[in-house]
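Listed below, chain by chain, are the residues.
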Amino acid sequence: MTTLKRIVLASRPDGTPTEDNFRLEEVAMPAPAEGEVLVRVEYMSLDPYMRGRMDDTKSYAAPVPVGGTMEGGGVGEVIASNSDILAVGDKVFGMLGWASHAIQPAKMLRKLDPSHGPLTAALGVLGMPGFTGWYGLTELGRPKAGETLVVAAATGPVGSMVGQLAKQAGLRTVGIAGGPEKCAMATETFGFDACLDHRAYDSARNLRAALKEVCPDGIDIYYENVGGKVLEAVMPLMNPHGRIPVCGMISWYNAGGLGAGATSETLTAPALWRNILVKFLSVNGFIISNHFDRYPEFLTNVAPLVAKGEIAFVEDIAEGLENAPAAFLSMLRGGNKGKQIVKVS
Ligand code: NDP
């Protein structure tokens, strides 16, 4: 093997990205320097945050440079080692990028525990997205038995973790997902008490009326993944002292600067602030990379539940690195059924 394949950012998108914004390249295989290892990537993760990395706007993380390898988490096998921390044959997780192989300092990689299920679990249910759902719900949602929780993108790795943990804590759980098939997955696989198809409602008002029926006691926790129509529908239904962990707002990611996208005819800034004020809401934004000190605690708590089948997970695995851009664009539109992964080798 003398070359590796990688997908680079060919150009920055103007609004919704297309496959033209990516380019597949083949370059010479580097050798690991002192303290580094060479990893053959087996599976890579596709996550909504990668959309933000394509824009050159000020954010919590630096953008991917044009011509740079797309960033992302991956799992694979160490095939050459110049470090005594990791040996050839070790299975590891790291920020390996959209590539067939990656050179990384061994100390930046996490050796995977085979008792934690398939390698792909480290990208979804027991990886960053599952951890995000656990942290946002338990730390910021502060769930109490008997309360009602609403979460959209309910069948994705974040939403499905939130829904299942909330259900286990004794809450009524209401999912919102795109299409009847995903709604069936939400109730049948992830145990949501009800699920609404956001595509079936042409306005926030109509979605709100439907939500009111399935949340007869109002909403105590709205775990925010999407913004847009769902946020507008939910806000007036929040109960006093409700909690809103603000995790993501995917409906606005292609809006060309979140400020410009975050406008609405029905939920104006004054209406939003008034809801927060008069209902004493706790609205907490968070970025999970600031909380990785809690990751071991998450694994200790949740890995046994996954092993026992008490937390279900669904993965959607695309084949081949060259198909990563199409799978990524599809995921942003809701084309994924469960955690979106790419099988690289
Ligand atoms: P998913 O696998 O659930 O994929 C994204 C989903 O978003 C799509 O499948 C689609 O689901 C939904 N979606 C897309 N557009 C819209 C829209 N206009 N309205 C409603 N739903 C839409 O993603 P994840 O579980 O990985 O991530 C969920 C959220 O969590 C994202 O916003 C992500 O950015 C955020 N996140 C935040 C982190 C943090 O540190 N704060 C860390 C990790 C994730 P459907 O078809 O069901 O509508």
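Residues numbered from 1 in each chain as written. Predicted model: local features only at pLDDT ≥ 70, side-chain atom pairs only at ≥ 80, totals over all residues. Heavy atoms only, no water.

(A) Molecular detail of the environment of S81. Here S81 shows up in strand β4 (residues 74–81). You can call S81 partly exposed: its relative accessible area is 28%. Between the C-alpha atoms of S81 and M108, which are 27 residues apart in sequence, the distance is 13 Å. Discounting residues that sit within four places of it in the chain, S81 has contacts with E36, V37, L86 and V88. Polar contacts involving the side chain of S81 include one to the main-chain carbonyl oxygen of S83, which spans 3.0 Å. Within polar-contact distance, the side chain of S81 engages the backbone oxygen of L86 at 2.6 Å. (Helix = DSSP H or I, 4+ residues; strand = E, 2+ residues; numbered from the N terminus. Buried < 20%, exposed > 50% of the residue type's maximum accessible area, 1.4 Å probe, protein only. Contact = heavy atoms within 4.5 Å. Polar contact = N/O pair within 3.5 Å; in protein donor to acceptor, adjacent residues only side chain to side chain.)

(B) Region of the structure containing the nonpolar core. Counting residues in each nonpolar core, the largest one holds 36 residues, and the members touching the most others are L126, L149 and F298. Element by element, the count of residues in this core is highest for helix α9 (residues 295–307), at seven residues. Ignoring anything within four residues of it in the chain, the contact list for L126 reads H116, A121, Y295, F298, L299, V302, A303 and V306. If you look at the next biggest cluster of nonpolar residues, it comprises 31 residues, including F22, A318, M331 and V344. (Core = buried A, V, L, I, M, F, W, Y, C linked by side-chain atoms within 4.5 Å.)

(C) Quick peek at the site of the ligand. The environment of the ligand is formed by 27 residues, the closest being K182, H198, Y253, I288 and N336. Taking P157, its main chain carries an N or O atom lying 3.4 Å from an oxygen atom of the ligand. Within the contact set of the ligand, an oxygen atom lies 2.8 Å away from a backbone nitrogen or oxygen of N225. For the ligand, whose free accessible area comes to 920 Å², the fraction covered by protein is 91%. In terms of residue class, the shell around the ligand is built from 16 nonpolar, nine polar and two charged. Both domains that furnish three or more residues to the shell around the ligand are identified here as domain 1 (3–123 + 314–343) and domain 2 (128–288). (Near = heavy atom within 4 Å. Areas by Shrake-Rupley, 256 points an atom, 1.4 Å probe, with all protein chains shown as cover. Nonpolar A, V, L, I, M, F, W, Y, C, P; charged D, E, K, R; others polar. Domains from an automatic or database assignment.)

(D) Examining the domain arrangement of the chain more closely. Looking at the chain, the domain boundaries give domain 1 (3–123 + 314–343) and domain 2 (128–288). Taking only C-alpha atoms into account, the centre of domain 1 sits 29 Å from that of domain 2. Taken together, the 18 residues of domain 1 in the interface contact 14 residues of domain 2. Taken together, the two surfaces of domain 1 and domain 2 that pack against each other cover about 1300 Å², and 64% of this comes from carbon and sulfur. There are zero salt bridges connecting domain 1 and domain 2. Summed over the shared surface of domain 1 and domain 2, the number is four residue pairs in polar contact (both at pLDDT 80 or more). Among the residues forming the side of domain 1 that touches domain 2, the class breakdown is eight nonpolar, five polar and five charged. (Buried area = accessible area lost by both parts, 1.4 Å probe. Salt bridge = Lys/Arg side-chain N within 4 Å of Asp/Glu carboxyl O.)

(E) Broad picture of the sheet that holds strand β9 (residues 172–177). Spatial strand order, β10-β9-β8-β11-β12-β13: six strands in an open sheet with parallel pairing. Since the sheet does not close on itself, it has two edges, and those belong to β10 (194–197) and β13 (282–285), each with one partner. Strand-to-strand twist of the sheet, defined as the mean angle between neighbouring strand axes without regard to direction, takes the value 15 degrees. Sheet topology places strand β8 (residues 148–152) next to strand β11 (residues 219–223); three bridges connect them, and they run parallel. Its bridge partner being in β11, L149 is matched across the sheet by I221. Sitting on the sheet, helix α5 (residues 204–214) touches β8, β9 and β10, and the angle it makes with β10 is about 170 degrees. (Pairing = 2+ DSSP bridges. Axes fitted to C-alpha atoms, helices over the stretch in contact; angles between N-to-C directions.)

(F) Seen up close, the packing of helix α2 (residues 128–141) against α9. Packing of α2 against α9 brings their axes to within 10 Å, and their N-to-C directions diverge by 90 degrees. The angle between α2 and α9 places the two elements in the roughly perpendicular class. Touching G130, F131 and W134 of α2 are Y295, E297, F298, N301 and V302, all from α9. Here the contact of α2 with α9 is composed, by residue class, of five nonpolar, two polar and one charged. (Parallel < 35°, antiparallel > 145°, perpendicular 65-115°, else oblique.)

(G) Main features of the side chain of H101. Mapping H101 onto the fold places it in strand β6 (residues 101–105). With a relative accessible area of 8%, H101 lands in the buried category. A polar side-chain atom of H101 sits 2.8 Å from a polar atom in the side chain of S100. If sequence neighbours within four positions are ignored, H101 has contacts with M1, L4, M29, L38, V39, R40, V41 and I79.

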